[in-house]
Amino acid sequence: MDDKITLAVREKAKELLEQKVVDCFIGYEKATDNLTSRPLFVYKPEQAERLVFDNTCVHNLSKYLLNKKDTKTAVVAKPCDARAIVVLLNENQVQREKIYIIGIVCPGVVDSRWGSAGTEPEVRCQGCPQHTPPLYDFLIGEPTDEVEQDAYTDVTAMEEMGDADREAFWKEQFQRCIRCYACRNVCPGCYCPVCFVDLKEPLWAGIRVAPGENWMWNNIRAFHLLGRCIDCNGCQRVCPVNIPLMLLNRKLKKEVAQAFAFIPGMDPKALAPLATFKKEELAEPSK
Amino acid sequence: MSVEEFQPRIIGFLCNWCSYAGADMAGTSRMTYPSNVRIIRLPCSGRVNPMIIFKAFQQGADGVMVSGCHPGDCHYVDGNYYARRRLAMLEPFLEYLGIEKGRFQLEWVSASEGKKWSQVVARFTDTVKSLGPRGKI
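No experiment lies behind these values; they were computed from the predicted model shown.

Asks: Lay out the state of the cysteines with the relevant residues and their values.
Replies: As used in these notes, a disulfide is a covalent bond between sulfur atoms, one from each of two cysteines. Per the counting criterion, the structure on display carries 1 disulfide over all chains. Across the disulfide, Cys18(B) is cross-linked to Cys69(B) (sulfur-sulfur distance 2.4 Å). Looking down the S-S bond of the Cys18(B) and Cys69(B) bridge, the torsion is 100°, so its handedness is right-handed. Of this pair, Cys18(B) sits in the loop between strand E1 (10-15) and helix H1 (19-28) while Cys69(B) sits in the loop between strand E3 (63-68) and helix H3 (79-96), placing them 51 residues apart in sequence. For Cys18(B), a relative accessible area of 9% puts it in the buried group. No disulfide involves Cys232(A); its sulfur sits 6.4 Å from the nearest other cysteine sulfur, which is in Cys80(A). Free of any disulfide, Cys15(B) has its nearest cysteine sulfur in Cys69(B), 3.5 Å distant. Of the residues examined, Cys15(B) reaches a relative accessible area of 2% and is grouped as buried.

Asks: Give a detailed account of the interface of chain A and chain B, specifying residues and quantitative values.
Replies: Contacts between chain A and chain B engage 44 residues on the former and 33 residues on the latter. Buried area between chain A and chain B, summed over both chains or domains, comes out near 3,500 Å², and the portion from carbon and sulfur atoms is 67%. Three residues, Trp215(A), Phe223(A) and Phe277(A), lead the burial of chain A against chain B; their summed loss comes to 20% of the area buried on that side. Where chain A meets chain B, there are 2 salt bridges. The salt bridge involving Glu281(A) is made with Arg85(B); its shortest N-O contact spans 2.9 Å. Linking chain A to chain B there are 13 residue pairs in polar contact (both at pLDDT 80 or more). Within the residue set of the side of chain A that touches chain B, elements represented by two or more residues are helix H4 (153-159), helix H5 (163-174), helix H7 (211-224) and helix H9 (245-260) of chain A. Top contributing element to the side of chain A that touches chain B by residue count: H7(A), with 10 residues. Per-class residue counts for the side of chain A that touches chain B are 26 nonpolar, 5 polar and 13 charged.

Asks: An account of the side chain of Thr73(A) is needed here, citing residue identities and associated values.
Replies: All names here are of chain A. By the element assignment, Thr73 lies in strand E4 (residues 73-77). Residue classification places Thr73 among the buried residues on the basis of a relative accessible area of 0%. In this structure, Thr73 is in contact with Val22, Cys24, Ile26, Leu65, Lys68, Lys98, Ile99 and Tyr100, ignoring residues within four places of it in sequence.

Asks: Go over the pattern of salt bridges, please, and point to the residues and values.
Replies: One pass over the structure, following the stated rule, counts 24 salt bridges over all chains. Put simply, Glu5(B) and Lys129(B) hold a salt bridge, and the shortest N to O gap is 3.6 Å. Separated by 124 residues along the polypeptide, Glu5(B) in the segment before E1 and Lys129(B) in helix H4 (residues 114-131) bring together distant segments of the chain. Residue classification places Lys129(B) among the partly exposed positions, given a relative accessible area of 24%. Salt bridges sharing common partners tie together Asp154(A), Asp231(A), Arg250(A) and Lys253(A).

Asks: Describe the side chain of His70(B), with residues and values.
Replies: Residue and element names in this part refer to chain B. With respect to the element layout, His70 can be found in the loop between E3 and H3. Taking relative accessible area as the criterion, His70 reaches 17% and is therefore assigned buried. Excluding residues within four positions of it along the chain, His70 makes contact with Asn80, Trp108, Val109, Ser110, Glu113 and Lys116.

Conventions and cut-offs
Residues numbered from 1 in each chain as written. Chains lettered and ligands numbered in written order. Predicted model: local features only at pLDDT ≥ 70, side-chain atom pairs only at ≥ 80, totals over all residues. Heavy atoms only, no water. Disulfide = S-S within 2.5 Å. Helix = DSSP H or I, 4+ residues; strand = E, 2+ residues; numbered from the N terminus. Buried < 20%, exposed > 50% of the residue type's maximum accessible area, 1.4 Å probe, protein only. Contact = heavy atoms within 4.5 Å. Buried area = accessible area lost by both parts, 1.4 Å probe. Salt bridge = Lys/Arg side-chain N within 4 Å of Asp/Glu carboxyl O. Polar contact = N/O pair within 3.5 Å; in protein donor to acceptor, adjacent residues only side chain to side chain. Nonpolar A, V, L, I, M, F, W, Y, C, P; charged D, E, K, R; others polar.

Note that all results are geometric; they support no functional claim without further evidence.
So, in structure tokens, the structure goes:
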């Protein structure tokens, strides 16, 4: 089944590059450990043979579109990656006519690390609500319309803890943070030319690796993705100290879904929930 | 020496046009209310970036309150509508981080509501007092 996707991707890449529909094709190739995958940029039709797609293709390639704003680019997108592209379109970061989306009906990816292909499905795939990309120009696989309800079991488990336990939990998690900013660099939603954390004036989070500074960084990072995080698990996957960042993102996703019935990355025309308002909503503060 | 009662440190972000004037009204009307709120005057409740609330808690605030014009009365037409959405999302998130419910509050106080301001502050101070000190993160 994976082989079929690989062949289809190669064929499409060759066709698009030969007909000069796109100048660049972003996909995956086998990494040098011969087990995992890595991103590949294809510029010539004959290089298309290197492309693969299997269940180790964990990366979200949509972030690369931000560096390809002026060239017509095709990109291989799993449903979560396609949702990221929708968010970038929502925010006018990429132009629709400059991108060509190869949607893939995703069978799920595995938790693969360098040197081991892995067998366990990744966290995001275990409760994945959507197997067909919401937006594509060319689809590989049979589309299924169903979008399941997200159960948020992980978030609910956190909510059931006591306040003090939760505070202790996050303190323990954040104190491991080494502030490498891998979570930011991998995130398709984090494209600000100057990130708040790099500002000296005002100093939101100091560069010191200390509990308070780490607390500021991780929380504000999550809050800046409110109504924008598309559950691609990138931040948690790249975190070298395994902080469960998706627990923060998913909490906010749940709140947004409940309050505004909004799920990011579904509609290219939709406005971000914090960029708009309704006059009659959200009950008056408690008297 | 007697043991002093815990006096919470509360930061209040007030909009210039309604709540700040409302607090002023409470003062000129000689109403008494707890002095625990340190007021920071902002042009609009829409100016309240959630980052400054995170920062206040990180720096050791025991409670944070945001107060602005009633929805529909914003001096800048719709600033408080945006603030309402943003802060409605912030409140459960703070709780999720382990900051007890009740340490953060959003209130609408108009320029003529000096009495309401004094009541709001008294109630909020009581709540935060009962929750106890927090300390810096």
